[in-house]
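# Chain and residue survey
Here's the letter readout for the chains.
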Amino acid sequence: MQVYTTDTTSTHSARIKVGIADYAFGTDGNTLTTSGLGSCIGVALYDAEAGVSGLAHAMLPEADPDGDPAKFADTGIEALLAEMRDAGADTSRIIAKLAGGSAMFDFDSSDGGKSIGERNVEAARKTLEKHDIDIVAEDVGGSHGRSLELDGKTGDLRVRSAKTGDQTL
Amino acid sequence: MNLDVRSLRTFSRLAHSGAEKAAGSLTTLAGIDTYVNVTKVELGTKTDVEQEFAERDLVSVHIGFSGGLDGRTVLAFSPESAERLVDALMPGMDGAETGSELATSSLKEVANIMLGGFIDGWADYLDTTVDITTPTYVDDDSNSPLENLESDGFEHESDNEHILVFRNQLEAADDAIEFDLYMVPSPDSIKTITDASGQHGALPVQSFAAFSDMIADGADQASADITAMTGIDTTVEVSRMSFVPIEGVPMSLTDSVRRGVVLEFFGTPSGYIAILFDEPSADNIASSLLPGMEGDEAMRQSAIQEIGNIVTSGFLDGWANTLGTTIDISPPKHVHDIGSAIVDPLATELAQSQEYAFLIDSTIRTDDDEFTCDIYALPNEEELRKALEQLSPAV
């Protein structure tokens, strides 16, 4: 019996909100939004020809076999790609934009080494590379938070930051 | 009544999937896209819940349920959200102001469909049947929105007895409509659900209640310390502990910009704390600590850090005493960023080892709302469990 269902895909609204540990796609030029990216990574995918856009918001780099796939950068991207392909997108045409993965705090409890933010960016790059998907723009790292808005009509990714202002990738 | 982390997870999943069903019913019924934002399992008292209804001026529709499970579900809205929902259901209809018969009956209809769907999920899980009552509308003037809870299977000795409250925050129509779906099962029903999920090292609910009281004392102390230091007369508005999926922690905050401090604490339990002010409140703090001085950014930051230190020790010192342990705190780090993004890295650190979190949140504010300070504490789950064991009544 399944008691936990997350209906991540809703394509009939003009704006689709993507939660944390979540992904969604749109086929009608929808705007996909997500907020609260600190060390989390946001991955925007876009196939202009098919008019399919997708956005994933992952918390951690690599999947834990028991975890929800949407929570991790590797499985989250894979799951989003699969749904976008089912909706008519072609991996060879998809381009990617990355935002997030910052290191906001240097915690004493984290045992040195790379921050979760950096590891999230690496995992996203690796997964996209596996599918030969080009990362055409990115705004990653730093020590500030971000909110994202992906315009499904143009593929523009608007990145809002309280520190560095707004920019469009 | 005993509780363990495993049954809390079951509760959380059931509540979330029930809320998804309820949101789906509204989407289908009215064509209004509805999302479940966060599902929380909260331990509070009837008085806490009623106080929240009163402070937020909530209007609500109540449906009781009985049979395999007893209790009450409530759909609660701000008057503005209720009005927008009625408007979305009956566009352009006159006479649909909040409180009118037409508005009330359409809210009841929505509640009937959403709450019915919500309860069905629980009944399915427990393989039982549950009957629901006809909906009752309770307006925002009501002094005791949870009155007659006794008729739903509660045998309470007092209003301060702890109850489990399942709260789902929902959003519809591009965030224009926000509402909460509550479920308050009777104590007997909690036992029924706990038994169904199997008990593994369950702790008596009194331990959770004792922890919850300790948090409330900490918030009172922090509020008194803010008042003593700044001369701003503050009180504690809410102070509670909830059990949430880890990703629900940052999602509990909005993306408005906050200023404050973040720090770590070490001991039993260890964890993270964020103390956040909205920008006007942060300005108030800075000017009350640096009277008559314009204050450059560096001075403002140090004022915020200083108050962060004060609030943290006020909030945490009592914990160490109650738990018979020492809790050390790291120096506070100043933050000025999107609220949900500030808390995201704290939740993410814990997400490496736990899927759910005990989220402690307290709000300290002035009566006129001109100053608010939110404290979010995220203890490590495993260590919190140890701390709760300390609080278990002797057998």
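About the cut-offs
Residues numbered from 1 in each chain as written. Chains lettered and ligands numbered in written order. Predicted model: local features only at pLDDT ≥ 70, side-chain atom pairs only at ≥ 80, totals over all residues. Helix = DSSP H or I, 4+ residues; strand = E, 2+ residues; numbered from the N terminus. Buried ≥ 20, exposed ≤ 12 C-beta atoms within 10 Å, placed from the backbone. Contact = placed C-beta atoms within 7 Å. Pairing = 2+ DSSP bridges. Axes fitted to C-alpha atoms, helices over the stretch in contact; angles between N-to-C directions. UniProt positions renumbered as here; feature names shortened; annotations may be inferred. Nonpolar A, V, L, I, M, F, W, Y, C, P; charged D, E, K, R; others polar. Domains from an automatic or database assignment. Expected span 1.5 Å × (residues − 1). Arc of directions from axis to C-beta. pLDDT = per-residue confidence, 0-100. Core = buried A, V, L, I, M, F, W, Y, C linked by C-beta atoms within 7 Å.

### Details of the overall build of chain B
When you go through chain B residue by residue, the secondary structure sums to 11 helices and 16 strands. Within chain B, the fraction of its 395 residues that count as buried is 49%. Put simply, of all contacts in chain B between residues at least 6 apart along the chain, 76% involve residues at least 24 apart.

### Regarding the sheet that holds strand S7 (residues 134-140) of chain A
All names here are of chain A. Ordered by their spatial adjacency, 5 strands build an open sheet running S2-S5-S4-S6-S7, and the pairing between neighbours is mixed. Of all the strands in the sheet, just strand S2 (22-26) and S7 have a single pairing partner and so form its edges. Ignoring strand direction, the axes of neighbouring strands in this sheet form an average angle of 15°. With 6 bridges connecting them, strand S6 (residues 95-100) and S7 associate as parallel partners. Among the inter-strand pairings, Ala96 is bridged to a residue of S7, identified as Ile135. With respect to the sheet, helix H1 (residues 73-86) is in contact with S2, strand S4 (41-47) and strand S5 (52-58), its orientation differing from that of S5 by roughly 160°. Across the sheet, helix H2 (residues 116-130) touches S4, S5, S6 and S7, and the angle it forms with S4 is around 25°.

### Thoughts on the sheet that holds strand S1 (residues 15-17) of chain A
One open sheet accounts for 5 strands, arranged S1-S3-S8-S9-S10 (chain A); its pairing is mixed. If you trace the sheet from one side to the other, it starts and ends with S1 and strand S10 (167-168) of chain A, each paired once. Note that strand S3 (residues 31-37) of chain A and strand S8 (residues 146-151) of chain A share 5 bridges and pair antiparallel. Note that in S8 of chain A the partner of Leu37 of chain A across the bridge is Arg146 of chain A. Docked against the sheet, helix H10 (residues 339-351) of chain B engages S3 and S8 of chain A, running at close to 60° with respect to S3 of chain A.

### Topic: the UniProt feature "domain: CheC-like protein" (unreviewed entry) in chain B
Feature annotation in UniProt places "domain: CheC-like protein" (unreviewed entry) on residues 299-335 of chain B, given in this structure's numbering. With 68% helix and 14% strand, the stretch residues 299-335 of chain B has end C-alpha atoms that lie 14 Å from each other.

### Regarding the interface of chain B and chain A
Contacts between chain B and chain A engage 30 residues on the former and 33 residues on the latter. Mapped by element, the contributors of at least two residues to the side of chain B that touches chain A are helix H1 (5-30), helix H7 (248-251), strand S11 (257-266), strand S14 (333-338) and H10 of chain B. At 8 residues, the largest contribution of residues to the side of chain B that touches chain A is made by H10 of chain B. Here the side of chain B that touches chain A is built from residues that sort into 12 nonpolar, 7 polar and 11 charged.

### What about the domain arrangement of chain B?
A common way to state how big an interface is: give the accessible area lost once the parts meet. Residues and elements named next belong to chain B. Each domain of chain B was delimited in the assignment, giving domain 1 (2-197) and domain 2 (204-391). Between the C-alpha centres of domain 1 and domain 2 there is a distance of 28 Å. For the side of domain 1 that touches domain 2, the secondary structure elements donating two or more residues are strand S1 (2-3), H1, strand S2 (34-45) and helix H2 (46-55). Looking at which element gives the most residues to the side of domain 1 that touches domain 2, the answer is S2, with 8 residues. Grouping the amino acids of the side of domain 1 that touches domain 2 by side-chain chemistry returns 6 nonpolar, 6 polar and 6 charged.

### Things to note about H2 of chain A
In this model, H2 of chain A (15 residues) spans 21 Å end to end at C-alpha, consistent with the 21 Å of a helix rising 1.5 Å per residue. Turning to H2 of chain A, its buried residues are Ile116, Gly117, Asn120, Val121, Ala123, Ala124, Thr127 and Leu128 of chain A. An end-on view of H2 of chain A places all buried positions within 165° of arc, on one side of the element. Turned more than 90 degrees off the buried face of H2 of chain A, the exposed positions are Glu129 and Lys130 of chain A. Summarising the contacts, the buried residues of H2 of chain A are in contact with S4, S5, H1, S6 and S7 of chain A together with H10 of chain B. Directly beyond the C-terminal end of H2 of chain A, a positive phi value near 55° is found at Asp132 of chain A.

### Things to note about the pairing of S11 of chain B
Residues and elements named next belong to chain B. Taking burial as the measure, the 10 residues of S11 include 8 buried ones, the bulk of the element. Pairing between S11 and S14: 6 bridges, direction antiparallel. Across the sheet, Val261 pairs through a bridge with His334, a residue of S14. The pairing of S11 with strand S12 (residues 271-278) spans 8 bridges and is antiparallel. Note on S12: the bridge partner recorded for Arg259 is Phe277. Between the end of S11 and the start of S12, which pair antiparallel, lie 4 residues, with Gly267 showing a positive phi angle near 150°. Note that S11 and strand S13 (residues 328-329) share 2 bridges and pair antiparallel. Counterpart to Phe265 in the pairing with S13 is Ile329.

### A few points about the confidence of the model for chain A
Residue-level pLDDT values for chain A average 88, and 89% of them are 70 or greater. With pLDDT under 50 throughout, residues 1-11 of chain A is counted as low confidence; its partners more than four residues away or in other chains account for 25 contacts.

### A look at H1 of chain B
Along its 26 residues, H1 of chain B runs 37 Å from first to last C-alpha, staying within 8% of the 38 Å computed at 1.5 Å per residue. Two residues or fewer past H1 of chain B, Gly31 of chain B is found with a positive phi of approximately 65°.

### Digging into the nonpolar core
Ranked by internal contacts, the top residues of the largest apolar core, which has 160 residues, are Ala274, Ala357, Ile375 and Leu378 of chain B. When residues of this core are sorted by domain, at least three fall in each of domain 1 (2-197) and domain 2 (204-391) of chain B.

### A closer look at the pairing of strand S9 (residues 157-160) of chain A
Every other side chain in a regular strand lies on the same face of the sheet, so the side chains alternate between the two faces. Residues and elements named next belong to chain A. Side chains Leu157 and Val159 project from S9 onto a buried face, and the interleaved Arg158 and Arg160 project onto a face without burial. Two strands pair when backbone bridges link them, and S8 and S9 are joined in this way by 4 bridges, in the antiparallel orientation. By the bridge assignment, Leu148 is partnered in S9 with Val159. Counted between consecutive antiparallel strands, the loop separating S8 from S9 contains 5 residues, among which Gly155 sits at a positive phi close to 80°. Examined bridge by bridge, S9 and S10 share 2 bridges and lie antiparallel to one another. Bridging from a neighbouring strand, Val159 pairs with Gln167 of S10. Between the end of S9 and the start of S10, which pair antiparallel, lie 6 residues, with Gly165 showing a positive phi angle near 80°.

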